[in-house]
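Coordinate analysis (summary)
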Amino acid sequence: KDSQNLREENLKSVGIDIGSSSIKVVEVNSNSKGVIVSQFTESPFNLNPGSDHEIEIIEFIKGLVSTYDQETTRFVVGLRQEFVSVRLKTFPFNDRQKILKSLPFELEEDLPLTQETAIYDAKIARYLGNTAEVLALAAPKHRIESAIQKIRDTGLEIQILSSEGAALANCFEAWNQPVPTLPAAPMDIDSAMPERKITIVAHIGHTRTIVCAFENNLLLGVRSIFWGAKNIADSITRKYEIPFVEAIKEMQTKAFILANRDGASYDQIVFSDTISSQVKELARELRISILEFKSEFNGVVESVGLTGGASQILNLNAFLTQSLEVPVNRVFTLTNFNTLGFEKTSRVDSIVGIALGLAIEGLKK
């Protein structure tokens, strides 16, 4: 027992975010004063066409494993969000085991999945009297098996496989506090569904954008949009006839959308239009997600927060504010973590979110 307690006290949790352009790794541990985010590492992929990312992933994780004692380290990896279906459900009881057993039957009309073909999990959002509001998650078994096998091929045995959206939510939720408990909703059949005030967080990655809906910092829903920074880089490649890798560098170091064309040069206008033409596609997809959240939760979307690498594009928030007619601003995933073992830059804060959230999963009891 003493040995076990010692291992738990010295336990490290490592979140591994295997993205489309790089691997992000965050190490966290906790003590009586809170969470310590001790390390952050990013390993960019070779983005030249034809490069084999699978080999890069295996080599990197093999090197990572060699630096840790697997007896005192909990490794957490994310399953791509497009492989995970998420629905908010209310159960007439609040026992977690009963909820887990009921999930396949509760979701059978919503999803083309069965107990034989999928794995189900539940994240309890809040208790309402004797009922529970639950974020129900389901993923096909073959997707889970494939993700686990790829990690095992590197020599790493992971303890937790989480979804990217649920992990990102850990950066904003009070995950180390008890599940909120509220009085039961009135049983008036004629009463309208209460209006919910929703905030959106959109994590813009290289090829995908993860959209999370929150109410009072509690996760309500997740969507995955097939749009990312690569869309802009492809547009720059076509417009200026330059290699894709060079277009990525141009986007990362110079990307902007003109807020006002007065005094701008012709080249600046062309570059801004090249970017904004692609961002219009993102705005259209975000509008669809917002409408879905409004309909599903009888919600009013009060604001949209941006994170992810492409969120740093100059004036992106102003452009989307105008397009969505909702206030759009950057949000920062490291705000709730005071003790960092690395320099917090704007770029690090924009890309660390999913890896950090995955690491937090390993600290949960």
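Just above, that's the structure.
To start, this report covers the structure provided alongside it. (Residues numbered from 1 in each chain as written. Predicted model: local features only at pLDDT ≥ 70, side-chain atom pairs only at ≥ 80, totals over all residues. Heavy atoms only, no water.)

So, on to the overall build of the protein. When helices and strands are tallied, the protein shows 11 helices and 15 strands. In terms of overall dimensions, the protein has C-alpha extents of about 65 × 60 × 45 Å along its principal axes. Across the 365 residues in the protein, those meeting the buried criterion constitute 48%. Nonlocal contacts in the protein, meaning residues at least 24 apart in sequence, comprise 65% of its contacts between residues at least 6 apart. Carbon and sulfur atoms make up 49% of the accessible area of the protein, which totals about 18700 Å². Once the 38 positive and 46 negative side-chain charges of the protein are each reduced to a mean point, those two points are 1 Å apart. (Helix = DSSP H or I, 4+ residues; strand = E, 2+ residues; numbered from the N terminus. Buried < 20%, exposed > 50% of the residue type's maximum accessible area, 1.4 Å probe, protein only. Contact = heavy atoms within 4.5 Å. Areas by Shrake-Rupley, 256 points an atom, 1.4 Å probe, with all protein chains shown as cover. Lys, Arg positive; Asp, Glu negative; His and termini not counted. Charge placed at Lys NZ, Arg CZ, Asp CG, Glu CD.)

The buried fraction of strand β12 (residues 218-225) is high, at seven of eight residues. Sheet analysis places strand β11 (residues 209-215) next to β12, joined by seven bridges and oriented antiparallel. Each bridged residue has a counterpart across the sheet, and for Thr 209 the counterpart in β12 is Ile 225. The antiparallel hairpin formed by β11 and β12 contains two residues in its connecting segment, where Asn 216 sits at a positive phi of about 50°. (Pairing = 2+ DSSP bridges.)

The next thing to look at is unusual backbone geometry. A positive phi angle is found at Asn 217, which is not glycine, with a value near 65°. Secondary-structure assignment places Asn 217 in the loop between β11 and β12. A relative accessible area of 45% places Asn 217 in the partly exposed class.

On to the packing of aromatic side chains. Taken as a whole and judged by the stated rule, the model has seven aromatic pairs. Ring centres of Phe 293 and Phe 297 lie 6.0 Å apart, and the angle between their planes is 10°; this geometry places the pair in the stacked category. On the criterion of helical spacing, the pair formed by Phe 293 and Phe 297 is a turn pair, its members being four residues apart in helix α8 (residues 266-297). An aromatic cluster of three or more residues is present, and its members are Tyr 240, Phe 256 and Phe 271. The cationic tip of Lys 98 hangs over the ring face of Phe 93; the distance from NZ or CZ to the ring centre is 4.4 Å. (Phe/Tyr/Trp six-rings, centres within 6.5 Å; stacked < 30°, edge-to-face > 60°. Lys NZ or Arg CZ within 6 Å of the ring centre and 35° of its normal.)

This part takes up the sheet that holds strand β10 (residues 196-204). Strand order in the open sheet formed by five strands is β12-β11-β10-β13-β14, with mixed pairing between adjacent strands. At either end of the open sheet lies a strand with only one pairing partner, and these are β12 and β14 (328-330). Between one strand and the next, the sheet's axes are offset by a mean angle of 25°, whatever the strand orientation. Bridging between strand β13 (residues 299-307) and β14 involves three bridges; their strand directions are parallel. Across the sheet, residue Leu 306 finds its bridge partner in β14, namely Arg 330. Strands β10, β11, β12 and β13 of the sheet are contacted by α8, whose axis makes an angle of about 145° with β12. (Axes fitted to C-alpha atoms, helices over the stretch in contact; angles between N-to-C directions.)

Before going further, it helps to examine the pattern of salt bridges. The final tally for this structure, using the stated rule, is 19 salt bridges. Between Arg 347 and Glu 42 there is a salt bridge; the shortest N-O distance is 2.9 Å. With Arg 347 in helix α10 (residues 346-351) and Glu 42 in strand β3 (residues 34-44), the pair connects residues that are 305 residues apart, well separated along the chain. In this structure Arg 347 comes out as partly exposed when scored by relative accessible area, which is 37%. (Salt bridge = Lys/Arg side-chain N within 4 Å of Asp/Glu carboxyl O.)

What follows deals with the pairing of strand β6 (residues 118-128). Counting buried positions along β6 yields eight of 11 residues, so the element is predominantly enclosed. When β6 meets strand β7 (residues 131-140), the two strands line up antiparallel, connected through 10 bridges. Looking at the pairing, Leu 128 lines up with Thr 131 of β7. The loop that links β6 with its antiparallel partner β7 comprises two residues; one of these, Gly 129, has a positive phi angle of about 65°.

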